[in-house]
Amino acid sequence: LHFVLFLGIYLAALLGNSLILTTVACDHRLHTPMYFFLLNLALLDLGCISTTVLKAMANSLWDTRAISYTGCAAQVFFFFFFFSAEYSLLTVMSYDRYVAICKPLQYGTLLGSRACAQMAAAAWGSGALYALLHTANTFSLPLCQGNAVDQFFCEITQILKLSCTDLYLREVGLLMFSAFLGFGCFVFILLSYVQIFRAVLRMPSEQGRHKAFSTCLPHLFVVSVFLSTGMFSYLKPPSISSPSLDLVVAVLYSVVPPVVNPLIYSMRNKELRGAV
């Protein structure tokens, strides 16, 4: 049952994101900054869900819960790499929408092909740096409280429970700093959308307002769910932690977004639906 459930989720994410990748790559009308960033988001979503779900599916099929030490370290690295890069990209996408709606005459200047490539590269690069920092910091700790990670993938909060030294507070501090940075990005996204909605409400055309809201509201929803569940998982007090709660929250921030993102961005976007 576990295998079939994860297989269905994974195939849905694979189909949705692959469809976006193929459509944006093949249709020249979609070669614009917004769809370029959407293509990068689809790539990151595929990486996100493949990092966690594939190993969980294999373990379910073979009736085991084993993962090697190096495999666990690799899973932590790629998990943080894809998810931090995705959050950086969502921040960039909010800036893209802000320029497109609030400064349309400067759109071609501020978001040319070179600028878009640099922003996408910065998102991927920051994700790699962030993942390297967390992985090196976590796996430099001595682990002496057993070897059972109480989660369907190697999650840093679960690994820290196996540590027997106060040095784990160093990683906790790093996670709190990361949460602070993430909240700063969220404030930037929120301010961008406040400006966007103010500009949209002044539009004389009802069709223009509908198009702007249809591309902006889903993005804001995705960012809110992504950040709130992730921060709750990593910053919640140990007193309210339980295996079932940890599992539900982990699924919400690690499995649901890669499946839901293609639906949100494609179903509410007339241009993308037409291209598909």
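These numbers come from a predicted model, not from an experiment. (Residues numbered from 1 in each chain as written. Predicted model: local features only at pLDDT ≥ 70, side-chain atom pairs only at ≥ 80, totals over all residues. Heavy atoms only, no water.)

1. What to know about the side chain of Asn 40
- For Asn 40, the position within the fold is in helix H2 (residues 33–61).
- Accessibility expressed as a relative area gives 8% for Asn 40, which makes it buried.
- A distance of 2.9 Å separates a polar atom in the side chain of Asn 40 from the backbone oxygen of Phe 36.
- In this structure, Asn 40 is in contact with Leu 89, Ala 120 and Trp 124, ignoring residues within four places of it in sequence. (Helix = DSSP H or I, 4+ residues; strand = E, 2+ residues; numbered from the N terminus. Buried < 20%, exposed > 50% of the residue type's maximum accessible area, 1.4 Å probe, protein only. Polar contact = N/O pair within 3.5 Å; in protein donor to acceptor, adjacent residues only side chain to side chain. Contact = heavy atoms within 4.5 Å.)

2. Notes on the state of the cysteines
- What the rule picks out here adds up to one disulfide.
- Disulfide partner of Cys 72: Cys 154, at an S-S distance of 2.1 Å. Because the torsion about its S-S bond is -125°, the bridge between Cys 72 and Cys 154 counts as left-handed. Separated by 82 residues along the polypeptide, Cys 72 in helix H3 (residues 69–102) and Cys 154 in the loop between helix H5 (113–138) and helix H6 (156–160) bring together distant segments of the chain. Here Cys 72 matches Cys 154 in class, with each residue buried.
- Left without a disulfide partner, Cys 26 is nearest to the cysteine sulfur of Cys 116, which lies 20 Å away.
- According to the relative accessible area criterion, Cys 26 is exposed, its value standing at 57%. (Disulfide = S-S within 2.5 Å.)

3. Brief notes about the packing of aromatic side chains
- Taken as a whole, this structure holds 16 aromatic pairs when the rule is applied.
- Between Phe 83 and Tyr 253, the ring centres sit 6.4 Å apart and the planes meet at 75°, which makes this aromatic pair edge-to-face. Taken together, the positions of Phe 83 in helix H3 and Tyr 253 in helix H9 (residues 243–254) put the pair 170 residues apart, joining distant regions of the chain.
- We classify Tyr 253 as buried; its relative accessible area is 4%.
- In textbook terms, an aromatic cluster arises when at least three aromatic residues are bridged by ring pairs, as seen for Phe 6, Phe 79, Phe 80, Phe 83, Tyr 130, Phe 152, Phe 153 and Tyr 253. (Phe/Tyr/Trp six-rings, centres within 6.5 Å; stacked < 30°, edge-to-face > 60°.)

4. Here we look at the environment of Met 57
- Summarising the element assignment, Met 57 is placed in helix H2.
- It is 23 Å that separates the C-alpha atoms of Met 57 and Thr 229, two residues lying 172 residues apart in sequence.
- Apart from the residues within four sequence positions on either side, Met 57 is in contact with Phe 3, Phe 6, Leu 7 and Tyr 10.

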